[in-house]
Amino acid sequence: MACTVGPEPLGDGGGSERPKWDNKLQYLLSCIGFAVGLGNIWRFPYLCQTYGGGAFLIPYLIALVFEGIPLFYVELAIGQRLRRGSIGVWTAISPYLGGVGLGCVTVSFLVSLYYNTVLTWVLWYFLNSFQSPLPWSSCPLDVNRTGFEAECQASSTVSYFWYRQTLNITADISDSGSIQGRLLACLAASWAVVYLCVIRGIESTGKAIYFTALFPYLVLTIFLIRGLTLPGAVEGLIYLFTPDVQILQNPRVWLDAATQIFFSLSLAFGGHIAFASYNPPRNNCEKDAVTIALVNSMTSLYASIAVFSVLGFKAANDHGRCLDRNILHLINAFDFPDQSISRDDYAAVLTHLNASQPERVARLHLEACHLEDFLDKSASGTGLAFIIFTEAILHMPGAPGWAVLFFGMLFTLGLSSMFGNMESIITPLLDMGLTHRSIPKEVLTGLACLLCFLSAICFTLQSGNYWLEVFDNYAAPLNLIIFAFLEVVGVAYVYGLQQFSDDIVCMTGRRPSLYWRVTWKVVSPLLLLTIFVAYIAVLVWTPLSYRAWNTQYARFPSRQEKSYPGWVQATCVLLCFLPALWVPGVALVQLLAKHRRKQKDTWQDRRPNLQDGGAS
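Being a predicted model, the structure only gives us computed values, none of them experimental.

Asker: Just to check I follow, could you spell out the packing of aromatic side chains for this structure?
Answerer: The geometry of an aromatic ring pair is captured by the separation of the ring centres together with the interplanar angle, meaning the angle of the planes. Per the counting criterion, the structure on display carries 42 aromatic pairs. Ring geometry for Phe-389 and Phe-406: centres 4.3 Å apart, planes at 15°, overall stacked. Of the two residues, Phe-389 is situated in helix α18 (residues 382–394) and Phe-406 in helix α19 (residues 399–432); the sequence distance between them amounts to 17 residues. Phe-406 sits in the buried class, given a relative accessible area of 3%. The residue whose ring lies beneath Arg-182 is Trp-124, and the NZ or CZ to ring-centre distance is 5.8 Å.

Right, here's the structure in full:
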């Protein structure tokens, strides 16, 4: 059957010059590497723990079936059919939708800036892991070398290394501080690595992806095996997956499950469209979409087990030290012999003393040592990677080796995601033919990486962490939801579901089932519209604030809640809608161009009549 419906496919500059994947595994690993990123390690486990353990999987799976996989299939199919990047695809479907492609490129650019900054921090920790003891294992001496740094003693060794020795963070976002040379050097190194990997597009990333996509699974397996042998691992896993069905009544659980699926699969960035455009026309993109989506979700679960087995060990270790401190207080206060109270006997001894001498026990101000409280001290994002997990590694035998493995895994995870981000930017630019044919792809790629590096230097300032949080919270989420909605509506109603189904028949040999057609036409658009409204409501009701690391704060080392200054709030709002403004902007330009063409045609039609009238 000949694929003659829809817009004609377009190669890289036309014809048969468009690059192709060396093999199917290379393509699958590239998509998996783009989808499986840092969020699978440091966000999904946190959400699972926060929202009722195993109960969170219910809304997560519902969102996967009715939102994630259908949208993912649309992106792979439309990219493979039209063989163009995001700008070319949506311009071909309708010139009025060209802004969707430009918006995707803009979001990918903004995300690349701060995503590779996270890799900068990871690289800094990775390089510092090749020493024993680890530099975040103890407090440094003060200036007079007569004691330890007060800030470190007031907080913790891992927090001090993160906030002071890595970020050297300011106490307010308005205080920019200076560029940190060590971070600038690591940022340059990170972008150099990205450039060397993406220098020739899929020809170079296709080679690197074998390592960057598979190495994290090896490390996760090593951590899982080691974690399960540590004391407290079972308690950590039980705490993680014990279901709390009552929490499903909270609408925020369903919103976070839907958005986690959405961002975890890297939908609406344009990277999957670009990757699919290098596929052969008869590739089974339906099977690819289901396979990659399931691998991504299973990776999240696998990572959760590995992470919480180690965090369970950390909680058990902290719980034991808490008991030891209380036991020491009891021994000193009641003149018990040394080592006369074991951890196992502590509860019974304390109960007896509370019954016989409650006043003396009350004066000791003993800590409340409950294992659940220590298991609750989890975090997502950088808090998990650079504080919670680094502290857990300190307690493991051979800590430097585990630190090297952990941060090496994070770097390769982020690097494979950066391949997709850069492909989202470079492929559409190449398709648009913005540069002369004499200019090699390597030069355009180098210019793109250089622009990203220069733009990201602001994140190496002492206030850079605050700005990274601004970009992370406001640059991508709302825009991606808007673009995903326009993508599925554009395919189902503008391109036409019948025409799209015919294209899929050409590519896969069979027509999409009722499930696909219903989700594309009804379920996914409605679900995305609901997510959009709910997300807007959350943004409106959530104060525009941040948590500052302020040593002068009365409750330090707790972080101080501060409201963003007015100019930063304006930046947040601008980031929320700036990429999406391409959509009405391009549509308006196309409408005006069409109106001008119509006026020109009308004028040309009238001109001969006027000339004929003048001749008579």
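Asker: What is the right way to look at the nonpolar core in this model?
Answerer: If you look at soluble globular proteins, the nonpolar side chains tend to sit buried side by side. Counting 173 residues, the largest nonpolar core has Trp-191 and Met-422 as the members making the most contacts within it. Met-422 has contacts with Ser-112, Trp-191, Val-194, Val-198, Ala-448, Cys-449 and Cys-452, leaving out every residue within four places of it along the chain.

Asker: Explain unusual backbone geometry here, please?
Answerer: Most peptide bonds adopt trans geometry, and most residues besides glycine take a negative phi value. The residue after Ser-132, namely Pro-133, is reached through a cis peptide bond having omega 0°. Along the chain, Pro-133 turns up in the loop between α6 (98–128) and α7 (150–154). The omega torsion across Phe-556 and Pro-557 is 20°, close enough to zero to call that bond cis. One can find Pro-557 in the loop between β1 (545–548) and β2 (560–563).

Asker: Which parts of the structure should I look at to understand the state of the cysteines?
Answerer: Note on terminology: disulfide describes a covalent bond linking the sulfur atoms of two cysteines. Evaluation of the coordinates by the stated rule reveals two disulfides. A sulfur-sulfur distance of 2.0 Å marks the disulfide that ties Cys-139 to Cys-152. Between Cys-139 and Cys-152 the disulfide shows an S-S torsion of about -80°. By sign, it is left-handed. A residue pair is termed long-range when its members are at least 10 positions apart, and Cys-139 in the loop between α6 and α7 and Cys-152 in helix α7 qualify at 13 residues. Of the two residues examined, Cys-139 and Cys-152, each falls in the buried class. Sulfur-sulfur distance for the disulfide between Cys-322 and Cys-369 comes to 1.8 Å. The S-S bond linking Cys-322 to Cys-369 shows a torsion near -75°; that makes this disulfide left-handed.

Asker: Can you walk me through the UniProt feature "binding site: Na(+)" (unreviewed entry) in the protein in this structure?
Answerer: Within this structure's numbering, the places UniProt gives as "binding site: Na(+)" (unreviewed entry) are Gly-33, Ala-35, Val-36, Asn-40, Ser-264, Asn-296, Leu-413 and Ser-417. Spanning 385 residues, the named residues nonetheless gather at one spot, since no C-alpha pair among them exceeds 12.7 Å. Its location among the elements puts Val-36 in the loop between α1 (24–35) and α2 (38–42). Those residues in contact with Val-36 that lie beyond four places of it in its chain are Tyr-217, Ser-264, Asn-296, Thr-299, Leu-413, Ser-416 and Ser-417. Mapped onto the elements, Leu-413 comes out in helix α19. When sequence neighbours within four positions are dropped, the list of residues in contact with Leu-413 reads Gly-33, Val-36, Gly-37, Leu-38, Ile-41, Thr-212 and Pro-216.

Asker: Looking at this structure, how should I read the pattern of salt bridges?
Answerer: Side chains that differ in charge, positive against negative, can pair when their charged atoms come close. All told, the structure shown has 16 salt bridges when counted by the stated rule. The closest approach of N and O atoms between Lys-24 and Asp-288, which form a salt bridge, is 3.1 Å. On the criterion of sequence distance, the pair formed by Lys-24 in helix α1 and Asp-288 in helix α14 (residues 285–334) is long-range, its members being 264 residues apart. Using a relative accessible area of 35% as the deciding quantity, one classes Lys-24 as partly exposed. Salt-bridge contacts for Asp-318 lead to Lys-314; the nearest nitrogen and oxygen are separated by 2.8 Å. Taken together, the residues Asp-318 and Lys-314, both in helix α14 and four residues apart, mark about one turn of the helix. The exposure class assigned to Asp-318 is buried, which follows from its relative accessible area of 10%. Take Lys-314: its relative accessible area is 7%, and that puts it in the buried class. Ionic contacts of the salt-bridge type, sharing partners, join the residues Lys-314, Asp-318, Arg-321 and Glu-391 into one network.

Asker: Honestly, the environment of Phe-453 in this entry has me stumped. Any pointers?
Answerer: As for its position among the elements, Phe-453 is in helix α20 (residues 441–456). Contacts of Phe-453, omitting those with residues within four sequence positions, involve Leu-184, Leu-187, Ala-188 and Trp-191.

Asker: How should I be thinking about the environment of Ser-513 in this particular structure?
Answerer: Checked against the element boundaries, Ser-513 lands in the loop between α22 (477–508) and α23 (514–541). Judged by its relative accessible area of 36%, Ser-513 is partly exposed. With 12 residues separating them along the chain, Ser-513 and Ser-501 place their C-alpha atoms 9.5 Å apart.

Conventions we followed
- Residues numbered from 1 in each chain as written.
- Predicted model: local features only at pLDDT ≥ 70, side-chain atom pairs only at ≥ 80, totals over all residues.
- Heavy atoms only, no water.
- Phe/Tyr/Trp six-rings, centres within 6.5 Å; stacked < 30°, edge-to-face > 60°.
- Helix = DSSP H or I, 4+ residues; strand = E, 2+ residues; numbered from the N terminus.
- Buried < 20%, exposed > 50% of the residue type's maximum accessible area, 1.4 Å probe, protein only.
- Lys NZ or Arg CZ within 6 Å of the ring centre and 35° of its normal.
- Core = buried A, V, L, I, M, F, W, Y, C linked by side-chain atoms within 4.5 Å.
- Contact = heavy atoms within 4.5 Å.
- Disulfide = S-S within 2.5 Å.
- UniProt positions renumbered as here; feature names shortened; annotations may be inferred.
- Salt bridge = Lys/Arg side-chain N within 4 Å of Asp/Glu carboxyl O.

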